[in-house]
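A closer look at the structure
Here's the letter readout for the chains.
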Amino acid sequence: MFCAALVLAASLAVVSVHAAETDPQTGDVFFFAPGLGACGYTNTSDQAVASVSQNFFNNYPNATANPNDNPICAHNLTVTVGNTSVSAQIVDYFLSGFSDTSIGLSQSAFQTVANTSNGVVSNVTWVVDPLPTNSSSS
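Residues numbered from 1 in each chain as written. Predicted model: local features only at pLDDT ≥ 70, side-chain atom pairs only at ≥ 80, totals over all residues. Heavy atoms only, no water.

The protein chain carries the name Plant expansin in an unreviewed UniProt entry, which gives Coniophora puteana as its organism.

Shown next as structure tokens:
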């Protein structure tokens, strides 16, 4: 029984990751101090960068064993708090302490949508931005 419940819970987590590719999610946003992230980039707090949960990162479609090659690293997130939005490149994941629908933002990105003295802001909306498509005329 426990094993079946665990498999069901894992399946639901993967389903929510796939839905979050295109559907807006609601969660908490916090700020973090970036450094060398899972995508292989070294970033600073002055850059608009984001982190997602480890589960979301590892279960992103076409994710590989090498996190540097995870297709999520090519995407930005748009995070909206009230009437203010910010876009930040996904460069890392966080291990624990927040749910899979939470998002971490660098200090500069966080300051665009909230005061850092807030620490964590609840009920924010976020979405993984689609990659631009190249349209060429023949």
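Back to the text.
By the definition in use, this model includes 1 disulfide. Put simply, Cys-39 and Cys-73 are joined by a disulfide, and their sulfur atoms are 2.0 Å apart. Across the S-S bond of Cys-39 and Cys-73 the torsion is about -85 degrees, and the bridge reads as left-handed. Placement of Cys-39 in the loop between β1 (25-32) and β2 (49-53) and of Cys-73 in the loop between α2 (54-58) and β3 (76-81) is noted, with a sequence separation of 34 residues between them. The pair formed by Cys-39 and Cys-73 is uniform in burial state, with each residue classed as buried. (Disulfide = S-S within 2.5 Å. Helix = DSSP H or I, 4+ residues; strand = E, 2+ residues; numbered from the N terminus. Buried < 20%, exposed > 50% of the residue type's maximum accessible area, 1.4 Å probe, protein only.)

This part covers unusual backbone geometry. For Asn-62, which is not glycine, the phi dihedral falls at a positive 70 degrees. As for its placement among the helices and strands, Asn-62 is situated in the loop between α2 and β3. In the Ramachandran plot, Asn-123 falls in the positive-phi region, its phi being about 60 degrees despite a non-glycine side chain. Position of Asn-123 among the secondary structure elements: in strand β6 (residues 120-128). For Asn-123, a relative accessible area of 65% translates into the label exposed.

Moving on to the side chain of Ser-53. Tracing the chain through its elements places Ser-53 in strand β2. In terms of polar contacts, Ser-53 uses its side chain to reach the backbone amide nitrogen of Phe-56, at 3.0 Å. At 3.0 Å, the side chain of Ser-53 and the side chain of Asp-100 are in polar contact. Contacts of Ser-53, omitting those with residues within four sequence positions, involve Tyr-93, Phe-94, Ser-99, Asp-100 and Ser-102. (Polar contact = N/O pair within 3.5 Å; in protein donor to acceptor, adjacent residues only side chain to side chain. Contact = heavy atoms within 4.5 Å.)

Turning next to the side chain of Asp-129. Examined against the element boundaries, Asp-129 turns out to sit in the segment after β6. A relative accessible area of 16% places Asp-129 in the buried class. If we ignore the near neighbours within four places in the chain, the residues touching Asp-129 are His-75, Asn-76, Leu-77, Thr-78 and Ser-87.

In this section: the confidence of the model for the protein chain. Per-residue confidence for the protein chain gives a mean pLDDT of 85; residues scoring 70 or more make up 80%. Counting interchain partners and residues more than four positions distant, the pLDDT-below-50 stretch residues 1-20 has 14 contacts. (pLDDT = per-residue confidence, 0-100.)

A word on the sheet that holds β3. The strand order β1-β5-β2-β4-β3-β6 describes a closed barrel built from 6 strands, whose pairing is mixed. Strand-to-strand twist in this sheet, taken as the mean axis angle between neighbours without regard to direction, amounts to 45 degrees. In the sheet, β2 pairs with strand β4 (residues 84-94) via 5 bridges, with the strands oriented parallel. The partner of Ser-51 across the bridge, within β4, is Asp-92. (Pairing = 2+ DSSP bridges. Axes fitted to C-alpha atoms, helices over the stretch in contact; angles between N-to-C directions.)

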